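Residue strings, one per chain:
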Amino acid sequence: MYHVCVQCGEWEPDKEVRAVEESSQRAVAICSSCGYEHLFPYLPLFVVAGPSGSGKSTVCNGMLNNVTAANRSDWVILDSDILWGVAYTKPEEWTNYFDMWLRVCYNIHLSGRSVLLFGAGLNPDNVESRPGVRYFSAVHYLALVCDEDELASRLRARPQWRDSSGNDFIEDQLNYNRWFIEQGKDYEGSLTVLNTSEAPVEETIAAVSKWAV
């Protein structure tokens with residue numbers, strides 16, 4: 001919605017954004033063609049990422065199914081996998097996939113509720129470089145990680161259709177797991193790392209709910 005200027009009709013995905021009043025969570029997206037200032041809610045986006053097997057889908061489903069524990073009325077909770085395989089599945093198309101999800105999220109923000117988005121590939125390197133990130137007051141990242149033996153065991157125990165028990169796939173996920181742990185130490189933005197190896201699902205849900213405030 002923000003990309004098309006309501007005054008002149010020009011398409012511009014990378015408009016200049018200026019906060020109006022930080023306390024009121026509002027900003028304007030400024031059309032470079034006519035100068036129109038589109039007022040919109042300027043809300044934070046909460047992203048839960050991590051390697052396959054770290055617990056993202058389990059926690060997401062648990063939060064959706066447990067209103068009390070998750071206090072889910074604070075957010076719109078989405079799993080980015082719902083659109084995986086529909087489009088943009090080739091590596092050269094993944095930037096389009098990230099752009100699509102950012103566009104979905106900042107349009108949901110028009111209703112005044114922040115999005116809590118779960119997805120493996122939604123790490124800072126893939127999100128912060130996209131033009132859509134400017135429409136959020138901040139992007140907070142939570143990486144679910146595991147001890148390596150536990151992560152490998154979870155992947156091997158999955159049903160065959162998940163195709164996650166191969167050595168190459170497991171090694172890729174272990175490398176991604178290590179990447180998040182190292183990124184958590186050095187990232188200058190908002191990135192929290194949470195180890196789910198021994199924590200009960202209810203405990204992880206409570207931790208994610210406490211984090212996303």
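Residues numbered from 1 in each chain as written. Predicted model: local features only at pLDDT ≥ 70, side-chain atom pairs only at ≥ 80, totals over all residues. Heavy atoms only, no water.

Draft legend 1. A look at the packing of aromatic side chains. A full pass over the atoms with the stated rule returns 10 aromatic pairs. Taken together, a centroid distance of 6.0 Å and an interplanar angle of 90° make the contact between Phe40 and Tyr42 edge-to-face. Neither Phe40 nor Tyr42 differs from the other in exposure class; each is buried. Seen from their ring centres, Tyr141 and Tyr187 are 6.1 Å apart, and the 85° between their planes marks the pair as edge-to-face. A residue pair is termed long-range when its members are at least 10 positions apart, and Tyr141 in strand E7 (residues 139–145) and Tyr187 in the loop between helix H6 (167–186) and strand E8 (191–195) qualify at 46 residues. Judged by relative accessible area, Tyr187 falls into the partly exposed class, the value being 24%. Of the aromatic side chains, those joined through ring pairs into one cluster are Phe40, Tyr42, Tyr106, Tyr135 and Phe136. (Phe/Tyr/Trp six-rings, centres within 6.5 Å; stacked < 30°, edge-to-face > 60°. Buried < 20%, exposed > 50% of the residue type's maximum accessible area, 1.4 Å probe, protein only. Helix = DSSP H or I, 4+ residues; strand = E, 2+ residues; numbered from the N terminus.)

Draft legend 2. Structural context of the sheet that holds strand E1 (residues 16–21). A sheet is described by the order of its strands in space; here 3 strands give the open sequence E1-E2-E3, paired in antiparallel fashion. The outermost strands of the open sheet, each flanked by one partner alone, are E1 and strand E3 (37–41). This sheet shows a mean twist of 30° between the axes of neighbouring strands, independent of strand direction. (Pairing = 2+ DSSP bridges. Axes fitted to C-alpha atoms, helices over the stretch in contact; angles between N-to-C directions.)

Draft legend 3. Representation of the environment of Val76 in the model. Note that Val76 resides in strand E5 (residues 75–79). Once the C-alpha coordinates of Val76 and Trp11 are considered, the two residues, 65 residues apart in sequence, prove to be 27 Å apart. If sequence neighbours within four positions are ignored, Val76 has contacts with Ile108, Arg113, Ser114, Val115 and Leu116. (Contact = heavy atoms within 4.5 Å.)

Draft legend 4. Region of interest: helix H5 (residues 148–156). Taken together, the buried positions of H5 are Leu151, Ala152 and Leu155. In an axial view of H5, the angular spread of the buried residues amounts to 95°, which keeps them on one side of the axis. (Arc of directions from axis to C-beta.)

Draft legend 5. Looking closely at the pattern of salt bridges. In the structure shown here, the tally under the stated rule is 6 salt bridges. Its salt-bridge partner being Arg130, residue Asp99 comes within 2.8 Å of it at the nearest N-O pair. On the criterion of sequence distance, the pair formed by Asp99 in helix H3 (residues 94–108) and Arg130 in the loop between helix H4 (124–127) and E7 is long-range, its members being 31 residues apart. Measuring nitrogen to oxygen at the nearest pair gives 2.9 Å for the salt bridge that ties Arg154 to Glu150. You can see Arg154 and its partner Glu150 sitting in helix H5, 4 residues apart, about one turn around the helix. For Arg154, a relative accessible area of 23% corresponds to the partly exposed category. (Salt bridge = Lys/Arg side-chain N within 4 Å of Asp/Glu carboxyl O.)

Draft legend 6. Expanded view of the side chain of Thr196. Topologically, Thr196 is positioned in the loop between E8 and helix H7 (201–211). Take Thr196: its relative accessible area is 5%, and that puts it in the buried class. Not counting residues up to four positions away in its chain, the partners in contact with Thr196 are Ser54, Leu144, Val145, Cys146, Arg154 and Thr204.

Draft legend 7. Region of interest: the confidence of the model for the protein. When pLDDT is averaged across the protein, the result is 89; 92% of the residues are at 70 or more. When the elements of the protein are averaged for pLDDT, helix H2 (residues 67–70) gives the smallest value, 49, and strand E4 (residues 45–49) the largest, 97. (pLDDT = per-residue confidence, 0-100.)

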